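Read off the chains here:
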Protein chains: 2
Amino acid sequence: MIRPGAAFMVANGIGRGQNRRVSLRCALLAQLNVEELSGYELTRRFAGFPGLFWQARSQQVYPELARLEEQGLLTSRVVEQQSRPDKRLYSITDTGRKRLGDWILSDSPPSFAKDDFLMKVWSYGVVDPASARRQLAVHRTLHELRLARFEDAAREHAPAEVSHLDPREFGEQLTVQAGIHLERSLLAWCETADEWLRAREDATPPGASPEERSA
Amino acid sequence: MIRPGAAFMVANGIGRGQNRRVSLRCALLAQLNVEELSGYELTRRFAGFPGLFWQARSQQVYPELARLEEQGLLTSRVVEQQSRPDKRLYSITDTGRKRLGDWILSDSPPSFAKDDFLMKVWSYGVVDPASARRQLAVHRTLHELRLARFEDAAREHAPAEVSHLDPREFGEQLTVQAGIHLERSLLAWCETADEWLRAREDATPPGASPEERSA
DNA sequence: GACATCATGTAAGCGGTTACATGATTTC
DNA sequence: GAAATCATGTAACCGCTTACATGATGTC
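What counts and how
- Every chain begins its residue count from 1, and numbering advances along the sequence as written.
- In the order they appear in the text, chains get letters beginning with A and ligands get numbers beginning with 1.
- Per-residue local features are limited, in this predicted model, to residues with pLDDT of at least 70; the limit for side-chain atom pairs, both in listing and counting, is 80 or more; totals at the level of whole chains, interfaces and linings are taken over all residues.
- Side-chain metrics rest on all non-hydrogen atoms present in the structure, leaving aside hydrogens and water.
- The helix count covers DSSP runs of H or I at least four residues long, the strand count covers runs of E at least two residues long, and both are numbered beginning at the N terminus.
- Here the copies were fitted onto each other by least squares, based on C-alpha atoms from residues at pLDDT of at least 70 in both.
- The contact rule is simple, with two residues in contact once any of their heavy atoms fall within 4.5 Å.
- An automatic or database domain assignment supplies the residue ranges for each domain.
- Accessible area that two parts lose when put together, with a 1.4 Å probe and added across both, is what the buried area reports.
- Salt bridge, as applied in this entry: a Lys or Arg side-chain nitrogen positioned within 4 Å of an Asp or Glu carboxyl oxygen.
- Polar contacts here mean pairs of N or O atoms no more than 3.5 Å apart (in protein, one a potential hydrogen donor and the other a potential acceptor; neighbouring residues in sequence count only if both atoms are side-chain atoms).
- The classification used treats Ala, Val, Leu, Ile, Met, Phe, Trp, Tyr, Cys and Pro as nonpolar, Asp, Glu, Lys and Arg as charged, and all other residues, Gly among them, as polar.
- Buried means the residue's accessible area, taken with a 1.4 Å probe over protein chains only, is under 20% of the maximum for its type, while exposed means over 50%, and partly exposed covers the values in between.

Enquirer: Explanation requested: the environment of A:Glu172 in the structure shown.
Expert: Relative to the helices and strands, A:Glu172 resides in helix 8 (residues 167–203). Expressed as a C-alpha distance, the spacing of A:Glu172 and A:Leu52, which sit 120 residues apart in the sequence, is 7.6 Å.

And the structure:
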């Protein structure tokens, strides 16, 4: 029996089918497609590289690498080191490369559906404007930091020569550009938001309660 | 014993402590702070309202509402309807309003850490540029649709009068503005990405393999 | 000796998705 | 009578986080 109902859920692109473990798996394959890496190094990149729009901690990375090897998408070898603990380097197999290629060109609706901070902003009408402005200022500096990191990563690449970048840097620079666009737009929004709050601050008597009730 | 190690994880703002069930809970409180609503209506809004930067399905909403009532942050009453099934309307309590106020002004580092599509773009150097451009075109139309919905929601609100908006609309319009800024920046990025790919297309022999290996 | 980096995990629990279930009413 | 909306859930599972564990090597 086919179940009816709730067509509005389907109509608006909700982040459905986003995962199914696919994305982490492919984020790992994508990086190992370029070079041989250890779980530790992959974790480090997830944590620190701007332009890598995914993240995972070591507790997730190591088991996933093992699973990918078991499935034949990766192979690994142990490298013995002096002055450091030994490590296991993973590299992609032909099967893995095939899987990666399929994934890259598969459908993927845009994300950005959930945002803690913007959910708070949604209630900025019912809190003290001055407090909101203070929170907004902190938020802006965090975005400024992010923008600076993206711009650092973009430096030394004249846009005229992008077609001659090697495969790895080409994609990386594209995502860095996305980061720059995003951060700049959010900083611009911070400006207008601050203006709106300032106007509201002026319109509200200074002694008003920090928690106004809804009209 | 204090555990050392991995300071780089802490240095770069990783989406830690983002949840702890707090955000869904407060997204519900925020909406019930404005008006009395049913679980069904809340679910509908999560699915369809631009400017509401959170989402949850009915399966998550109903149990969470029950939990919030149990904790005294909400109360509910059953409304009998003819021509429709009865429904339960929830409203916020003073305790709930207090909790909400605390949450709104609490810290929240920016999100946007994971993105399926941009993770694919990261590998755009190793796939056929023409295929990538096709995927990008689809992606762009989705963002155009989103932008249109945000702009619809923003219409009829002259920016000059924002300070006189009622509390609910003030916050909502702020988030709608954020959506507009975001979507426009992503559309602008799509333009440059398409240019980069076109340049790469011209630089690559047309008969090249759809899956180039990394140099 | 305290702390940091390098390197690799296990176990429990939470937030969220997928699949499934129920039933009344309205519209074509 | 088929399909859609309105209305409210339960059960299983997955992805991810939190907490914890281990141990070698290098640095102040």
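Enquirer: I keep staring at the relation of the copies chain B and chain A and nothing clicks. Help me out?
Expert: The two chain copies are connected by a rotation around an axis plus a translation along it. The two copies are related by a screw motion: chain B maps onto chain A through a turn of 180° and a shift of 0.0 Å along the axis, at an RMSD of 0.0 Å. Interpreted geometrically, this transformation is the action of a two-fold axis. Both copies contact each other with a shared surface, as 100% of the interface residues of chain B are interface residues in chain A too.

Enquirer: So what exactly am I meant to see when it comes to the domain arrangement of chain A here?
Expert: The accessible area lost on association of the parts is a frequent measure of interface size. All names here are of chain A. Taken domain by domain, chain A holds domain 1 (7–104) and domain 2 (116–213). Taken together, the eight residues of domain 1 in the interface contact eight residues of domain 2. Buried surface at the junction of domain 1 and domain 2, both sides included, amounts to about 630 Å², of which 62% is carbon and sulfur. On the domain 1 side of the contact with domain 2, Pro 50, Gly 51 and Phe 53 bury the most area, a combined 66% of that side's loss. Here domain 1 is connected to domain 2 by one salt bridge. Here Glu 35 makes a salt bridge to Arg 168, at a shortest N to O gap of 2.9 Å. Where domain 1 meets domain 2, there are three residue pairs in polar contact (both at pLDDT 80 or more). Tallied by class, residues from the side of domain 1 that touches domain 2 come to four nonpolar, two polar and two charged.

Enquirer: What should I look at first to understand the interface of chain B and chain A in this one?
Expert: Each partner contributes to the interface: chain B provides 91 residues, whereas chain A provides 91 residues. Taken over both partners, the interface formed by chain B and chain A buries close to 9400 Å², and the fraction arising from carbon and sulfur atoms is 67%. Three residues stand out in chain B for area buried against chain A, namely B:Phe112, B:Trp122 and B:Trp196, and they jointly supply 10% of the buried area on that side. In this structure, the connection of chain B to chain A is made through zero salt bridges. Applying the counting rule to chain B against chain A returns 25 residue pairs in polar contact (both at pLDDT 80 or more). Those elements that place two or more of their residues in the side of chain B that touches chain A are helix 1 (7–11), helix 2 (22–32), helix 3 (39–48), helix 5 (94–104), helix 6 (116–121), helix 7 (129–154) and helix 8 (167–203) of chain B. If you tally residues by element for the side of chain B that touches chain A, the top one is helix 8 of chain B, at 23 residues. Of the residues assigned to the side of chain B that touches chain A, the class counts are 44 nonpolar, 29 polar and 18 charged.

Enquirer: Explain the pattern of salt bridges to me, please; I cannot follow it from the model alone.
Expert: Oppositely charged side chains can form a pair if their charged atoms are brought close together. Within this structure, the stated rule accounts for 32 salt bridges over all chains. A salt bridge links A:Glu183 to A:Arg146; the shortest N-O distance between them is 3.5 Å. Taken together, the residues span a long stretch of sequence, with A:Glu183 in helix 8 and A:Arg146 in helix 7 (residues 129–154) at a distance of 37 residues. A salt bridge links B:Glu172 to B:Arg168; the nearest nitrogen and oxygen atoms lie 2.8 Å apart. Placement of both B:Glu172 and B:Arg168 in helix 8 is noted, with a separation of four residues, approximately one turn of the helix. For the pair B:Glu172 and B:Arg168, a shared accessibility class is recorded, and that class is buried.

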